[in-house]
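Chain and residue survey
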Amino acid sequence: MKNYNHKKIELKWQKEWEKKKTYQARDKSKNKKFYSLIEFPYPSGDGLHVGHIRSNTAMDIISRKRRMEGYNVLYPIGWDAFGLPTENYAIKTGKQPKVITKKNSDTFRRQLKEIGFSFDWSREVNTTDPEYYKWTQWIFLQFFKKGLAYKAEIPINWCPRCKIGLANEEVIDGKCERCGEQTERRLKKQWMLGITKYAERLDKDLDLVDYPERVKLSQRNWIGKSEGSEIEFFIKASKHVGPAVSVKVFTTRADTLFGVTYVVLAPEHPLVSKLLEKTQNKNEVLKYIEEARKKSELERTAENKEKTGVELKGIKAINPAYGGASPAGNEVHPAEGGEVSVWIADYVLAHYGTGAVMAVPAHDERDFEFAQKYNLPIKNVIVPFVNLDSGEFGFRPELPTVKRECIHAIVKHWEKDEYLCLSSIKHGWKTFVIGGIENDEDPIEAARREIIEETGFTDFKLIKPLGDVIFARHFAPHKNENRFASLLGFYFELQSDKSISIADHESSNQEILWVKREDIPDTLKPKITDWVFWQRLFPGESACFEDDGILINSGKFNQLSSQDARNEITKFVDGKIVTKFKLRDWVFSRQRYWGEPIPIVECEKCGTVSLPEKELPLKLPEVKNYKLTETGESPLANIPKWVNTKCPKCKGPAKRETDTMPNWAGSSWYYLRYCDPKNKKVFAEKKKLKYWTPVDWYNGGMEHTTLHLLYSRFWHKFLYDLKLVPTVEPYKKRTSHGMILGEGGVKMSKSLGNVINPDNIVRTYGADTLRVYEMFLGPFEDSVAWSTESIIGPRRFIEKVWRIGNKISESQKDFSGPRFSSRKALGQTIQNPSGSLSFKKLLHKTIKKVGEDIETMRFNTAVSAMMILTTEMEKSENIDPKDFKKFLQILAPFAPHISEEIWNLLGEKKSINLSKWPKWDEKLIKDEEIKIVVQINGKVRDEILIKVNEDEEDIKKKAIESQAIRRFIQNREIKRIIYVKNRLINVVV
RNA sequence: GCCCGAGUGGCGGAACUGGUAUACGCGCACGACUUAAAAUCGUGUCUCGCAAGGGAUGUGGGUUCGAUUCCCACCUCGGGCACCA
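Right, let's walk through the structure included here. Model, not experiment: these values are computed from the prediction. (Residues numbered from 1 in each chain as written. Chains lettered and ligands numbered in written order. Predicted model: local features only at pLDDT ≥ 70, side-chain atom pairs only at ≥ 80, totals over all residues. Heavy atoms only, no water.)

**A closer look at the overall build of chain A**
Check the secondary structure of chain A and you find 31 helices and 42 strands. C-alpha extents for chain A along the principal axes are approximately 115 × 110 × 50 Å. Across the 989 residues of chain A, 53% fall into the buried class. A total of about 46900 Å² of accessible surface is found on chain A, and carbon and sulfur atoms cover 50% of it. One way to put it: in chain A the 162 positive side-chain charges average out to a point 10 Å from where the 137 negative ones average out. (Helix = DSSP H or I, 4+ residues; strand = E, 2+ residues; numbered from the N terminus. Buried < 20%, exposed > 50% of the residue type's maximum accessible area, 1.4 Å probe, protein only. Areas by Shrake-Rupley, 256 points an atom, 1.4 Å probe, with all protein chains shown as cover. Lys, Arg positive; Asp, Glu negative; His and termini not counted. Charge placed at Lys NZ, Arg CZ, Asp CG, Glu CD.)

Written out as structure tokens, the structure is:
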């Protein structure tokens, strides 16, 4: 037997595949296509990371399986090569980024080829190639034409060390994503892309794609769609003369409008400057605005615990809920009771909603906190609504509903810290004293009466009422009707145990329990309305009620539910139902060299002018120095020859835009270029796009969910609107991989010195072993820790396959001689049916399992199944070479080199990778006889052999007759026997 | 604070819709082969107990004939968002 020389074998087949173009995708094919995609790597100077190998192998396995299933597979690769690390390296070494990129991508290419990925290398793309970024620039111009790329002076996140503007997504905890420096806010004219125009569709169309729920969820959270109302508050100034002014607020809680006690504007709100003149404390306000402006976003949010603000004295807002607010002529009518103060505070964000809020301290924690600090009034307008709609007390729509007014009385013991509960004997309820209010009865009197009637105690004192009324809707089993009740709560303390005897019907129905304070939560049953009052007596942390409920103190809207009131009140005050998003437009400029130049010039006469498309690509000029300018401009600003140009419109002098694009630009559309990578006329020919897109399966990291994935969906939709791509969504299915951590579960990093160089692993163990190892490591979606110690397992597995393969190959040679023939071998199989049959069964089960596991990305269990089969094969004396070949075929996607080698050794001429994926035989998978477990009271006591689908009674009989079981059931009565088909028997004794 | 995800041997992990917990692999121990070692193969390996048997899937409850799986509360770790009205 030949030794297993992975180096020789792997190199041999890599060359062969390249020569035969085994993995090239064909543009013109009658076969069904399959487009599998990985996130193309950034070719860093560190070389390929073992994490790249994990996700690439996963998609490689899927691609290879699809090829074997007859699909025309596109599995492309390229380089996302623009970006900061390369530029920083250029600054340090003086080398050209272009040169560095070439060197790095050469290394990556070599490494990827050595692992045997089945990429179609003929379609390789590189975002820094002018032939590629020509089209990135072209797409940008389309955005510009549609007004979706625009310049705006906005406060940007500025990293003082990188001297670069960062998108919100690149700021982590107020720090620069790349260097960790604290960012500050700076005003700068920046290019923006209008992604917010697509917010609605980006949210809604998530319904159309097959992404993991958590990916959809985090995109949805990021987009942050919320529906609410815009409501106008008129402003009344004490010194007022002149036209009426108003401020619009955005709220999701229009139902709380009657609870507004003040209005807050963001310091940047445009109205503030208008109102300033009429403000009595102008200087104080100006000072506050100035301070807020200086603060960075971080400081503003860091002070999250202590809110600050300042009142605009002499300015009032009129709450439209109270009427009389609309202006007649130019005057605002003073409203009755609806006049509230106006504040500015930086807890209100200028860029969200309308930049102004109506404050409802009773029902919003932030407003509550602010109101407490500045002593502003708090007005309750929503009370809890306990709505039971399922279970024992659940509302039953078929029954009538009766309105009731009730009281809850919490009664404390005369000396101990214990509270009186009534335990209903019939129904099992445990509640406080509850009772109805009789006609015209005072609620307090009702409470007193109920206490005496139900408990007999007479010597008590009212300590306090427990807040506003609450409402409840539930089913009342003792009366067989639904109740809609308004409930008031009171707290009493007994002064002594003085009592009278209570009526018979009361005492026979319920008994009195004294419950310790800490046991109350566990005692109450049902834990509903009693619980609300209990929490009012002993409030926890949250002091304000933020949930939906029922309206009080809200005029004609009283007793409406929050949900209904939102619409009604909005309508009543002529407000508008609107949808708002958290998503902000995308800051698209970087003050850097190594990115796509933005193809725009500034002309003195014509303003901002785009380059004609035929002048693309606008190439990056070579520069000597990659350092940033002092002002933080891109190094391009230092090249007058490049900057100074002619205006394409008027031919007058003009200056080029020196900002470049962020590196999310090139990656927003690369999957389209793969369909037609060499096209010089368009970014990709429509016919080819129609055949290849959408991407059928895109695997990538969770870290790209809100950046790359969202951005590329946005670009795709934009191109779809221009009728340049045939589908609404770019990716049909998305999955995500977990990270590979260093040994011990810490992050792999150069500073920790725990980075694994795949080259060493490939050299020592071989590519096949590495691939199998990474798939075997753990669940694909989870993070896993690298463990060099464990690679030996997969290596042993591969060697085992090698030994079996060689053994079979050698015996095959013998068969062709006079003494043996493959028929004879088959004959042996028949002679020894039990052993071989059980092997065949295992083989077919394995084929099924591996196939299914690949589809669900459970590669670790697929490998495990193949290991089990291999162990079985090594024990087995006579394996039909045909069977072994089937095994090789399912192994091939995982370990393509060794499979190909043995396949070839066994006399196959065509590549295993293009052979037909084996089918499993349903008949072989079904067992006729199976072992089932016999349990006594859920504990396994014995096993019995039964025929599949054997009669239940027979099995039961068999089970109790078994020796072990008889011992257990001696003298005991069999209460029940549970049979789970073909699984187990549980005898309950 | 809010939203996701996860807690199973010495370690990585397995267990389909509730049905034999610990598959597979690493490590470890012993044995075979060998002059020896490596490699390979075999056996064993959650825990207490001589055994019969008992106890273990982060903790505590619940539902069930039966719970790693479902429900409630809590603890720990990882990830994301963070004044979004």
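**Quick word on the protein's contact with RNA strand B**
The immediate surroundings of RNA strand B are formed by 50 residues, with T251, T252, K307, R366 and N986 found nearest. Considering RNA strand B, the proportion of its atoms within 4 Å of the protein that are sugar or phosphate atoms stands at 64%. In this structure, R976 approaches RNA strand B through a side-chain N or O atom, which is 3.2 Å from a phosphate oxygen. Residue contributions to the surface near RNA strand B peak at six residues, all from helix α26 (residues 859-875). Taken together, the residues that form the surface near RNA strand B break down as 22 nonpolar, twelve polar and 16 charged. (Near = heavy atom within 4 Å. Polar contact = N/O pair within 3.5 Å; in protein donor to acceptor, adjacent residues only side chain to side chain. Nonpolar A, V, L, I, M, F, W, Y, C, P; charged D, E, K, R; others polar.)

**Quick notes on helix α11 (residues 365-373)**
Those residues of α11 lying buried are D367, F368, F370 and A371. Mapping the buried residues of α11 onto a view down its axis gives an arc of 170°, with all of them on the same face. Looking at the buried residues of α11, the elements they touch are β12 (262-265), β16 (339-344) and β17 (356-359). Positive backbone phi, approximately 60°, marks N375, located one or two places after α11. (Arc of directions from axis to C-beta. Contact = heavy atoms within 4.5 Å.)

**Some points on the sheet that holds strand β34 (residues 653-656)**
Strand order across the open sheet formed by four strands is β32-β31-β34-β33, with antiparallel pairing between neighbours. Since the sheet does not close on itself, it has two edges, and those belong to β32 (607-610) and β33 (644-646), each with one partner. Recorded for the sheet is a direction-independent mean angle of 40° between the axes of neighbouring strands. Here strand β31 (residues 600-603) pairs with β34 via three bridges, running antiparallel. In the strand pairing of β34, V601 is matched with R656. (Pairing = 2+ DSSP bridges. Axes fitted to C-alpha atoms, helices over the stretch in contact; angles between N-to-C directions.)

**A short note on unusual backbone geometry**
With the exception of glycine, most residues fall at negative phi, and the peptide bonds are largely trans. Between L616 and the following residue, P617, the backbone shows a cis peptide bond with an omega angle of 0°. Structurally, the position occupied by P617 is in the loop between β32 and α17 (640-643). Cis geometry is found at the peptide bond from T693 to P694, where omega equals 0°. If you trace the backbone, P694 turns up in the loop between α19 (686-692) and β35 (697-701). The phi angle at N480 is positive, at roughly 55°, despite the residue not being glycine. Note that N480 resides in the loop between β25 (470-476) and β26 (481-494). Here N480 falls in the partly exposed class, since its relative accessible area comes to 46%.

**Concerning a positive patch on the surface**
Residues K939, R941, R967 and R972 make up a contiguous surface patch of positive charge. With respect to the helices, strands and loops of the structure, R972 is situated in the loop between α31 (963-969) and β41 (976-980). (Patch = residues over 30% accessible without salt bridge, like charges linked within 9 Å, V, L, I, M, F, W, Y side chains within 5 Å. Salt bridge = Lys/Arg side-chain N within 4 Å of Asp/Glu carboxyl O.)

**A closer look at the pairing of strand β1 (residues 33-38)**
Burial analysis of β1 places six of its six residues in the buried class, the great majority of the element. As paired strands, β1 and strand β2 (residues 72-74) are joined by three bridges and run parallel to one another. Residue pairing across strands places F34 opposite V73, the latter belonging to β2. Between the parallel pair β1 and β2, the chain is carried across by helix α2 (residues 50-68), and the sense of this crossover is right-handed. Where β1 and β35 come together, three bridges link them in parallel fashion. Opposite I38, over in β35, you have N699 as the bridge partner. (Right-handed = clockwise from strand over helix to strand, strands pointing away.)

**Regarding the packing of aromatic side chains**
Tallying each qualifying case throughout the model produces 57 aromatic pairs. By the ring-pair criterion, three or more aromatic residues cluster together here, those being F140, F143, F144, W191, Y198, W586, F588, W664, Y711, F714, W715 and F718. Positioned over the ring face of W17 is R64, at 5.3 Å from the centre of the ring. It is K848 that lies over the ring of W920; its NZ or CZ is 5.3 Å from the centre. (Phe/Tyr/Trp six-rings, centres within 6.5 Å; stacked < 30°, edge-to-face > 60°. Lys NZ or Arg CZ within 6 Å of the ring centre and 35° of its normal.)

**Some details on the sheet that holds β2**
Spatially, the four strands line up as an open sheet ordered β2-β1-β35-β36, and their pairing is parallel. Each edge of the sheet is formed by a strand with only one pairing partner; in this case those strands are β2 and β36 (734-737). In this sheet, neighbouring strand axes are inclined to one another by 20° on average, regardless of whether the strands run parallel or antiparallel.

**Some details on the environment of P212**
Looking at the secondary structure, you find P212 in the loop between α6 (199-204) and α7 (213-223). Exposure remark for P212: the relative accessible area of 17% places this residue in the buried category. In this structure, P212 is in contact with R734 and T735, ignoring residues within four places of it in sequence.

**Comments concerning the packing of helix α22 (residues 767-776) against α26**
With their axes 7 Å apart at the nearest point, α22 and α26 run at an angle of 120° to one another. It follows from the interaxial angle that α22 and α26 lie oblique. Of the residues in α26, those in contact with V772, M775 and F776 of α22 are F859, N860, V863, S864 and M867. (Parallel < 35°, antiparallel > 145°, perpendicular 65-115°, else oblique.)

**A few points about the pairing of β34**
Of the two faces of β34, only one is covered, namely that formed by A654 and R656; the face formed by P653 and K655 stays uncovered. Between β33 and β34, which pair antiparallel in sequence order, lie six residues; one of them, K651, sits at a positive phi of approximately 65°.

**Remarks on the nonpolar core**
Within the largest apolar cluster, 75 residues are counted, with the highest numbers of intra-cluster contacts made by W786, F797, F859, F884, F887 and F894. Within the second largest apolar cluster, 58 residues are counted, among which are L141, L206, I223 and A684. (Core = buried A, V, L, I, M, F, W, Y, C linked by side-chain atoms within 4.5 Å.)

**As for the environment of A446**
As for its position among the elements, A446 is in helix α12 (residues 443-455). Taking relative accessible area as the criterion, A446 reaches 0% and is therefore assigned buried. Placed 189 residues apart in sequence, A446 and L257 show a C-alpha to C-alpha distance of 33 Å. Aside from chain neighbours lying at most four places away, what touches A446 is I407, G436, I437 and E441.

**Looking at helix α5 (residues 130-145)**
Taking 1.5 Å of rise per residue, the 16 residues of α5 would be expected to cover 22 Å, and the 22 Å separating its terminal C-alpha atoms lies within 8% of that figure. Residues of α5 that are buried include every one of Y132, Y133, K134, W135, T136, Q137, W138, I139, F140, L141, Q142 and F143, and no others. Capping of α5 at its N-terminal end is provided by D129; its side-chain oxygen lies 2.9 Å from the backbone amide nitrogen of E131. In the stretch just after α5, G147 is the one whose phi turns positive, near 75°. (Expected span 1.5 Å × (residues − 1).)

Everything listed is a geometric property; what it means functionally is a separate question.
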